[in-house]
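Here is how the chains run, residue by residue.
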Amino acid sequence: MLPKKPDEIVDRDEDWKILERFARPSPIGTPGSGVAALAGRRRTGKSYLLQRFADATGGFYFEARLEETLAEAQERFREELITYDPSRAAELSALSVAAHGTWDRLLKIAMDATFSKSEGIRIPPFVIDEFPYLLRDTPHLQSIVKSVYDTRSFRRGEIGKPGIRVGYYDRLIEGRMLLCGSAMSVIHELGHGSRPLFGRLTFQLTVDPFDHVDVARFWGIEDRRVAFTLFAALGGAPGYRDPLMERTGLPVPQTMEELDAWLTEALLRPQPRFFTEAEIDRLLHEDPRITDKDIYRQAMKAISEGNATLTKIGGAIGRAKDETDGIVARLVAMRYVDEWRDLLRPRDYLFRLNDPIVRFHHAVVESCMRDVARGATTPDDAWRDAQQRFRSQVIGPVFEQIATWSAFRLLYNRTDLGSDGWALVPDPANRTTHEVDYIGLAHNTSGRPKGSTITVIGETKATERPRGLKDLERLRHIRALLAKDHKAENAVLAIFSMHGFSEHLRQAAKEAPDEIALFDLDDVYSYREPSF
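Throughout what follows, the structure given in this document is the object of discussion. Given the structure is predicted, the values throughout are model-derived calculations rather than measurements. (Residues numbered from 1 in each chain as written. Predicted model: local features only at pLDDT ≥ 70, side-chain atom pairs only at ≥ 80, totals over all residues. Heavy atoms only, no water.)

Topic: the overall build of the protein chain
Along the backbone of the protein chain there are 22 helices and twelve strands. Since a compact globule built from 532 residues should have a radius of gyration of about 24 Å, the 26 Å found for the protein chain is in line with a globular shape. Counting only C-alpha atoms and orienting by the principal axes, one finds that the protein chain spans roughly 85 × 60 × 50 Å. Sorting the 532 residues of the protein chain into buried and exposed places 52% on the buried side. Considering only intrachain contacts with a sequence separation of at least 6, the fraction spanning at least 24 residues in the protein chain is 66%. (Helix = DSSP H or I, 4+ residues; strand = E, 2+ residues; numbered from the N terminus. Rg over C-alpha atoms; globule rule 2.2 N^0.38 Å. Buried < 20%, exposed > 50% of the residue type's maximum accessible area, 1.4 Å probe, protein only. Contact = heavy atoms within 4.5 Å.)

Details of the nonpolar core
Membership of the largest hydrophobic core comes to 84 residues, with the highest contact counts inside it found for Trp219, Phe228, Trp262, Phe399, Ile402 and Leu411. The contact partners of Phe228, leaving out residues within four places of it in the chain, are Ile395, Val398, Phe399, Ile402, Met498, Leu521 and Tyr525. Residues Phe62, Trp103, Ile187 and Leu197 belong to the second largest nonpolar core, which totals 41 residues. (Core = buried A, V, L, I, M, F, W, Y, C linked by side-chain atoms within 4.5 Å.)

A few points about the packing of aromatic side chains
Per the counting criterion, the structure on display carries 21 aromatic pairs. Ring centres 5.5 Å apart and planes at 90° place the aromatic pair Phe60 and Phe77 in the edge-to-face group. Taken together, the residues Phe60 in strand β2 (residues 60-63) and Phe77 in helix α3 (residues 70-84) connect sequence positions 17 residues apart. Across the pair, exposure class does not vary: Phe60 and Phe77 are buried alike. Plain terms: the ring middles of Phe60 and Tyr84 are 5.4 Å apart, the flat faces sit at 45° to each other, and that makes the pair tilted. With Phe60 in strand β2 and Tyr84 in helix α3, this pair connects stretches of sequence that are 24 residues apart. With respect to class, Phe60 is no different from Tyr84; both count as buried. (Phe/Tyr/Trp six-rings, centres within 6.5 Å; stacked < 30°, edge-to-face > 60°.)

Here's the deal with unusual backbone geometry
The backbone phi angle of Arg12 is positive, close to 60°, even though this residue is not glycine. For Arg12, the location among the structural elements is in the segment before α1 (13-22). Exposure remark for Arg12: the relative accessible area of 7% places this residue in the buried category. For Arg43, which is not a glycine, the phi torsion comes out positive at approximately 70°. Examined against the element boundaries, Arg43 turns out to sit in the loop between β1 (33-39) and α2 (46-57).

Some remarks on the sheet that holds strand β4 (residues 175-181)
Pairing is parallel across the open sheet formed by five strands, whose spatial order is β2-β3-β4-β1-β5. Two strands in the sheet have a free side with no partner beyond their single neighbour: β2 and β5 (201-206). In this sheet, adjacent strand axes meet at a mean angle of 15° when their direction is disregarded. Inspection of the sheet shows strand β3 (residues 125-129) paired to β4 by four bridges, in the parallel sense. The residue bridging Pro125 from the neighbouring strand is Arg176, located in β4. The sheet strands contacting α1 are β1, β4 and β5, and the helix crosses β5 at an angle near 165°. Across the sheet, α2 lies against β1, β2, β3 and β4, angled at about 155° from β2, the strand it touches most. (Pairing = 2+ DSSP bridges. Axes fitted to C-alpha atoms, helices over the stretch in contact; angles between N-to-C directions.)

All quantities given are derived from atomic positions and should not be read as evidence of function.
The following block contains the structure:
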């Protein structure tokens, strides 16, 4: 019987179900190996999830290390596999590390060892975490894994005839192999058409950071403003909690005053080394193919400063557009930058920082770190001085992000809502362009420059004042502009505000409930209540 997800794992219900299905025998009884890939940026909890799954199913878990040589990695693999299955000690001890054919023999033994522990509908998995690190010294390791899978051409118990082999093997190998890594672009490319594992992966799963609701639950913070502000600074990676709690020596903040002190201690102290700067270095080390890390730092800094197109980013870092395209594409693949496509003009897109630590570093830390390190100011004063930048460059974009995440669930019962996104709306008469934070389209339509059916037009505001009738008039004006080229005259006007609404706007919403929808921070959290 397959185990239930342990109670200590927050969220991850769907991820656990996918792993459970992978650990079952083929429903049609076909023998052979299954191979799957799992990616997730650093500190998202993917290793924690896989370790718990391997423990719960009796599998074998091995984590590669960036600093290890080929011989060191194989030696440790051998030792850990002997600990897992002592009956194979003699076979494993006879292997020479860093020799030709060592990896293919180690993989075969690991698959045999895990498969031999199968019980009923449970096949214990063989997990290789941080698989991209092993590719540095053994680029053909993907081909070895491919050969494990391809032994399906043999029958169970059949030994290949002399001279007949599938890749590295002459018999059927059974079991379940999970390949995992923080170098997301490397893991995602495992299944591409030009790669050995194309067409052979059972699934490719990405373990995402927690959303704002699960962050509140994971940290145990009930005050939504405190939970949101922490989420804005750190994002949803659960792996930040324990090291930063140890760094500060403070309890989990429950008030805004406690949070100010906590963030100052966690992120603005010069010693030990500035956390955000060290973390960016570590994030870039996750992809072993990145050699010139400085150019990627420059590109992220350029985007943080508002350079949102390839031309502007290239100008800021002094690189041609073609070269800039490759740099930015890698950052997008690594999930540190988002590519925002205009819903109504899909050919138009902008780039924005996605990684919270990178965003916080450029908005807050970098501008004051030298003065703090030199003693020209204190971390407390630096944090007070950075509040305006924090609100505009961090709080504002993150509130827009969680509001648009929540919008679909808050609005789909209210109107016909099939897809959503953002858009730029030209206003020729006023010689300007309006950036619309949220556009919703009906089920029977798609985004295009003309002829879409628009059912929602929304904006998000995190500024520290209640939103009023001017915001409503702006949305009505944008709706009129859109109605010239689209079916938008009946679109719901949605306003998301972190700090509430004026009485006049609330009254207008009461008088026109079919036209106006107002959502505050509580609404953005309550679309899916956390259970503490």
